[in-house]
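Descriptive analysis of the structure
Next come the chains, spelled out residue by residue.
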Amino acid sequence: MSSELRHEADADEGPCAVIESLDQIGSRWRLVVLHELQDGERRFNELKRATDASSRTLSRVLDDLQEMGFVERRLEEDAPVATYYRLTDKGRSLCPVFEEIEDWADEWLAPGAD
């Protein structure tokens, strides 16, 4: 099959996996939160400070990520009440992707890179 025909066949199947993946995780805030959670469980306020997101934005993003299965929430009801977030297995599976992106950025986005 020629590459032109293969491209047309792929187009008939709908969006490619890259586009579908970016639709799930591709917003700026989702990526920032997922990246911050790579190092382990974090409290809401820790994430807020680390990301500079407003409370409303962070809450919405965490709800979205939880609904999609990337993040799980744990509520600790002892005084003071605290909400913790951590990556699920699905979320942790993105860690190598972030490492690859960082490696690419180091090579191609560094000053003097062509």
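What counts, and at which threshold
- In every chain, residue numbers begin from 1 and rise along the written sequence.
- Totals for whole chains, interfaces and linings use all residues, but because this is a predicted model, local features are given only for residues with pLDDT of at least 70 and pairs of side-chain atoms are given and counted only at 80 or more.
- Side-chain calculation: all heavy atoms of the structure are included, whereas hydrogens and water are not.
- Classification of ring pairs uses Phe, Tyr and Trp, with its six-membered ring standing for Trp, and accepts pairs whose centres are within 6.5 Å; under 30 degrees between planes counts as stacked, over 60 as edge-to-face, and the remaining range as tilted.
- Counted as over-ring charges are cases with an Arg CZ or a Lys NZ within 6 Å of the ring centre that also lie within 35 degrees of the ring normal.
- Only strands that DSSP links by at least two bridges are regarded as paired with each other.
- Each helix corresponds to a stretch of at least 4 residues labelled H or I by DSSP, and each strand to a stretch of at least 2 residues labelled E; elements are numbered beginning at the N terminus.
- Burial classes: relative accessible area under 20% of the type maximum marks a residue as buried, over 50% as exposed, and values in between as partly exposed (1.4 Å probe, protein chains only).
- What the arc covers is the set of directions going from the helix axis to the C-beta atoms.
- Only heavy atoms matter for contacts: two residues are in contact if any of them lie within 4.5 Å across the pair.
- Whenever a carboxyl oxygen of Asp or Glu lies within 4 Å of a side-chain nitrogen of Lys or Arg, that contact is scored as a salt bridge.
- We define a polar contact as two N or O atoms separated by no more than 3.5 Å, with the added condition that, inside protein, one atom must be a possible hydrogen donor and the other a possible acceptor, whereas residues neighbouring each other in sequence contribute only through side-chain atom pairs.
- Throughout, nonpolar core names a set of buried Ala, Val, Leu, Ile, Met, Phe, Trp, Tyr and Cys residues whose side chains join them through atoms within 4.5 Å.

Under the criterion given, the structure shown has zero aromatic pairs. Note that K90 overlies the ring of F70, its terminal NZ or CZ placed 4.5 Å from the centroid.

The next point concerns the pairing of strand β2 (residues 71-76). Where β2 lies against strand β3 (residues 82-87), six bridges are found, and the strand directions are antiparallel. Bridging from a neighbouring strand, E72 pairs with R86 of β3.

With antiparallel pairing, three strands are arranged side by side in an open sheet as β1-β3-β2. Each edge of the open sheet carries a strand with a single partner, namely β1 (42-43) and β2. Two strands pair when backbone bridges link them, and β1 and β3 are joined in this way by two bridges, in the antiparallel orientation. Note that in β3 the partner of R43 across the bridge is Y84.

Attention now moves to helix α3 (residues 28-36). The complete set of buried residues in α3 reads R30, V33 and L34. Seen along its axis, α3 keeps its buried residues to an arc of 100 degrees; they face one direction. Where α3 is buried, its residues meet α2 (17-25), α4 (44-51), α5 (55-67), β2, β3 and α7 (95-108).

Walk down a regular strand and you will see the side chains alternate between the two sheet faces. Counted residue by residue, β3 has five buried out of six residues, so it is predominantly covered. In this structure, the hairpin formed by β2 and β3 is closed by a connection of five residues.

A few words now on the pattern of salt bridges. One pass over the full model with this rule turns up seven salt bridges. E36 serves as the salt-bridge partner of R42, at 3.1 Å between the closest nitrogen and oxygen. Its relative accessible area of 19% is what places R42 among the buried residues. Residue E72 is joined to R86 by a salt bridge in which the shortest nitrogen-to-oxygen separation is 2.5 Å. Placement of E72 in strand β2 and of R86 in strand β3 is noted, with a sequence separation of 14 residues between them. Relative accessible area serves as the criterion here: at 32%, E72 is assigned to the partly exposed category. The class of R86 is partly exposed, set by a relative accessible area of 32%. Several salt bridges share partner residues, and in doing so they unite E41, E72, R74, E76 and R86 into one network.

Moving on to the side chain of T57. Note that T57 resides in helix α5. A residue is classified by how much of its surface remains accessible, and T57, at 17% relative accessible area, is buried. Looking at T57, its side chain comes within polar contact range of the side chain of S54, at 3.0 Å.

Attention now goes to the nonpolar core. If you look at the biggest cluster of nonpolar residues, it comprises 19 residues, and the most contacted ones within it are L34, L62, L65, F70 and V71. If you list the elements that add at least two residues to this core, you get α3, α4, α5, β3 and α7. Considering each element in turn, this core owes the most residues, four residues, to α5. Those residues in contact with F70, other than ones at most four positions away along the chain, are Q24, I25, L34, L65, R86, L87, T88, K90, G91 and L94.

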